[in-house]
Amino acid sequence: MDVRAIAMGLVFALIWSSAFTSARIIVADASPLFSLALRFLISGLLGVAIARAMGQSWNLTRAQWRATILFGVCQNALYLGLNFYAMQTVEASMAAIIASTMPLLVALAGWLLLGDRLRPLGIIGLCAGFAGVALIMGSRIGAGIDLSGIMLCGFGALALTFATLAVRGATSGGNFMMVVGLQMLVGSAALFLAAPIFETIYIHPTLPFVLAFTYTTLFPGLLATLIWFLLLDRIGPIRAATFHFLNPVFGVTIAAILLGEKLGPLDAVGVVITTLGILAVQLSRQPVAKSA
């Protein structure tokens, strides 16, 4: 893994983790599904316009169209939609921790359902990762956390896990910005249909809302997604997924700094255990170097 790939992975993890804090700010002043649909519409149109300016084509490969639709529905509409809806009552740090279990869920599903090999280090990492989340959940439940919101975050993580497994190997073929833009528009369309069914639509254009919405639209919404696709193409999904081990730490730290969310002793221990578990799982999935 070269220096450029490492830098891309660090920037992606930081931006991705910050999205939970900005989302928490957004849903304080706007209905979650409608505001997310609006964000995806703007991000998607910008992405497509940039792609066309770069000379990229609408003619995606069959695998890319499949990835575009699946990610648009599962990642944007379901995963992020459920998280936005949940963060009306769930803290950003908790949502970030649950979302960070995605690589654990991918490894577990690949091992149990698809016959992927998982080395002993990976099995230890799975146990540690889920134990860390359970430790955090136990401390938060005692503090009166909203269980329905936690369930929504969990279903969102499962949706993203399904999409990740379903489109393995579908990121090649170029036209990355076009893929990014189109999958945003797919998510936007699904959320615009869901919003009037599941919520009362409103927006209070306060300064925190405007700043958070703008940031989320341009950075987690557009830039981070593009970096992720480029990183997948550069080093492959297994190595790229290693950077997810940073998400619990980044997500909790950003929420504490910007939102003042408190982190108790058990939470801190749980975050460390979860982080090490994710790292162990991802390292166990790295190709074994062949001896000369």
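The following paragraphs examine the structure supplied in this document. (Residues numbered from 1 in each chain as written. Predicted model: local features only at pLDDT ≥ 70, side-chain atom pairs only at ≥ 80, totals over all residues. Heavy atoms only, no water.)

## Structural notes on the overall build of the protein chain
Part 1 of the argument: Within the protein chain one finds eleven helices and zero strands.
Part 2 of the argument: The order of α-helices and β-strands along the protein chain, N terminus first, is α-α-α-α-α-α-α-α-α-α-α.
Part 3 of the argument: Whereas a compact globule of 292 residues would reach a radius of gyration of roughly 19 Å, the protein chain reaches 18 Å, a difference of no more than 12%.
Part 4 of the argument: Once the C-alpha set of the protein chain is aligned to its principal axes, its extents read approximately 55 × 50 × 35 Å.
Part 5 of the argument: Taken over 292 residues, the protein chain has a buried fraction of 52%.
Part 6 of the argument: Long-range contacts, defined here as pairs at least 24 residues apart, represent 92% of the contacts in the protein chain between residues at least 6 apart.
Part 7 of the argument: Where the 15 positive side-chain charges of the protein chain centre and where its 9 negative ones centre are 14 Å apart. (Helix = DSSP H or I, 4+ residues; strand = E, 2+ residues; numbered from the N terminus. Rg over C-alpha atoms; globule rule 2.2 N^0.38 Å. Buried < 20%, exposed > 50% of the residue type's maximum accessible area, 1.4 Å probe, protein only. Contact = heavy atoms within 4.5 Å. Lys, Arg positive; Asp, Glu negative; His and termini not counted. Charge placed at Lys NZ, Arg CZ, Asp CG, Glu CD.)

## Notes on a nonpolar patch on the surface
Part 1 of the argument: On the surface, a cluster of nonpolar side chains totalling about 710 Å² of accessible area is made up of Leu 41, Ile 42, Leu 45, Leu 46, Ile 50, Met 54, Leu 218, Phe 219 and Leu 223.
Part 2 of the argument: Contributions of two or more residues to the nonpolar patch are made by helix H2 (32-53) and helix H9 (207-241).
Part 3 of the argument: Among the elements that line the nonpolar patch, the one with the most residues is H2, at five residues.
Part 4 of the argument: Here Leu 218 shows up in helix H9.
Part 5 of the argument: Owing to a relative accessible area of 37%, Leu 218 belongs among the partly exposed residues under this scheme. (Patch = residues over 30% accessible without salt bridge, like charges linked within 9 Å, V, L, I, M, F, W, Y side chains within 5 Å. Areas by Shrake-Rupley, 256 points an atom, 1.4 Å probe, with all protein chains shown as cover. Salt bridge = Lys/Arg side-chain N within 4 Å of Asp/Glu carboxyl O.)

## Some details on the nonpolar core
One recurring pattern in soluble globular proteins is that nonpolar side chains are buried together.
Part 1 of the argument: With 72 residues, the main nonpolar core has Phe 20, Met 94 and Leu 231 as its most contacted residues.
Part 2 of the argument: Sort the elements by how many residues they give to this core and H9 lands first, with 13 residues.
Part 3 of the argument: Listed in part, the six residues of the second largest apolar core include Leu 118, Leu 126, Ile 278 and Val 281. (Core = buried A, V, L, I, M, F, W, Y, C linked by side-chain atoms within 4.5 Å.)

## A few points about the packing of aromatic side chains
In this description, a pair of aromatic rings is defined by centroid distance and the angle of the planes.
Part 1 of the argument: Taken as a whole and assessed by the stated rule, the structure comprises four aromatic pairs.
Part 2 of the argument: With a centroid separation of 5.7 Å and 70 degrees between ring planes, the pair formed by Phe 34 and Phe 192 is classed as edge-to-face. Of this pair, Phe 34 sits in helix H2 while Phe 192 sits in helix H8 (residues 176-198); the two residues are 158 residues apart in sequence, bridging distant segments of the chain.
Part 3 of the argument: The class of Phe 192 is partly exposed, set by a relative accessible area of 30%. (Phe/Tyr/Trp six-rings, centres within 6.5 Å; stacked < 30°, edge-to-face > 60°.)

## Section: the side chain of Thr 101
Part 1 of the argument: Relative to the helices and strands, Thr 101 resides in the loop between helix H4 (92-99) and helix H5 (102-113).
Part 2 of the argument: Excluding its chain neighbours within four sequence positions, the residues that come into contact with Thr 101 are Val 133 and Ala 157.

## Comments concerning the environment of Met 184
Part 1 of the argument: The topology assignment puts Met 184 in helix H8.
Part 2 of the argument: Between the alpha carbons of Met 184 and Leu 231 there is a distance of 18 Å; along the sequence they are 47 residues apart.
Part 3 of the argument: Non-local contacts of Met 184, meaning those with residues more than four positions away in its chain, are made with Phe 40, Ser 43, Gly 44, Asn 76, Gly 221, Leu 222 and Thr 225.

## Details of the environment of Ile 235
Part 1 of the argument: Topologically, Ile 235 is positioned in helix H9.
Part 2 of the argument: Of the residues examined, Ile 235 reaches a relative accessible area of 14% and is grouped as buried.

## Some words on the packing of H4 against helix H10 (residues 247-259)
Part 1 of the argument: Where H4 contacts H10, the axes come no closer than 8 Å and their chain directions differ by 170 degrees. The orientation of H4 relative to H10 falls into the category roughly antiparallel. Of H10, the residues touching H4 (which contributes Ala 92, Ser 93, Ala 96 and Ile 97) are Gly 251, Val 252, Ala 255 and Leu 259.
Part 2 of the argument: The residue inventory of the contact of H4 with H10, partitioned by class, reads six nonpolar, two polar and no charged. (Axes fitted to C-alpha atoms, helices over the stretch in contact; angles between N-to-C directions. Parallel < 35°, antiparallel > 145°, perpendicular 65-115°, else oblique. Nonpolar A, V, L, I, M, F, W, Y, C, P; charged D, E, K, R; others polar.)

## Examining the packing of H2 against H8
Part 1 of the argument: For the pair H2 and H8, the least separation of the axes is 7 Å and the interaxial angle reads 160 degrees. Between H2 and H8, the crossing angle belongs to the class labelled roughly antiparallel. As H2 packs across H8, the resulting crossing turns out to be left-handed.
Part 2 of the argument: Along the lines of polarity and charge, the residues of the contact of H2 with H8 split into 21 nonpolar, six polar and one charged. (Left-handed = near helix turned anticlockwise from the far one by under 90°.)

## Concerning the side chain of Ser 93
Part 1 of the argument: Structurally, the position occupied by Ser 93 is in helix H4.
Part 2 of the argument: On the basis of relative accessibility, which here comes to 2%, the residue Ser 93 falls in the buried class.
Part 3 of the argument: Side chain to side chain, Ser 93 and Glu 261 meet in a polar contact 2.8 Å long.
Part 4 of the argument: In this structure Ser 93 touches Arg 140, Val 252, Ala 255 and Glu 261, once residues within four positions along its chain are discounted. (Polar contact = N/O pair within 3.5 Å; in protein donor to acceptor, adjacent residues only side chain to side chain.)

## Digging into H5
Part 1 of the argument: For H5, spanning twelve residues, the distance from its first C-alpha to its last is 16 Å, which sits close to the expected 16 Å at 1.5 Å a residue.
Part 2 of the argument: All buried positions along H5 are accounted for by Met 102, Pro 103, Leu 104, Leu 105, Val 106, Ala 107, Ala 109 and Gly 110.
Part 3 of the argument: Following H5 by one or two positions, Gly 115 has its phi on the positive side, about 75 degrees. (Expected span 1.5 Å × (residues − 1).)

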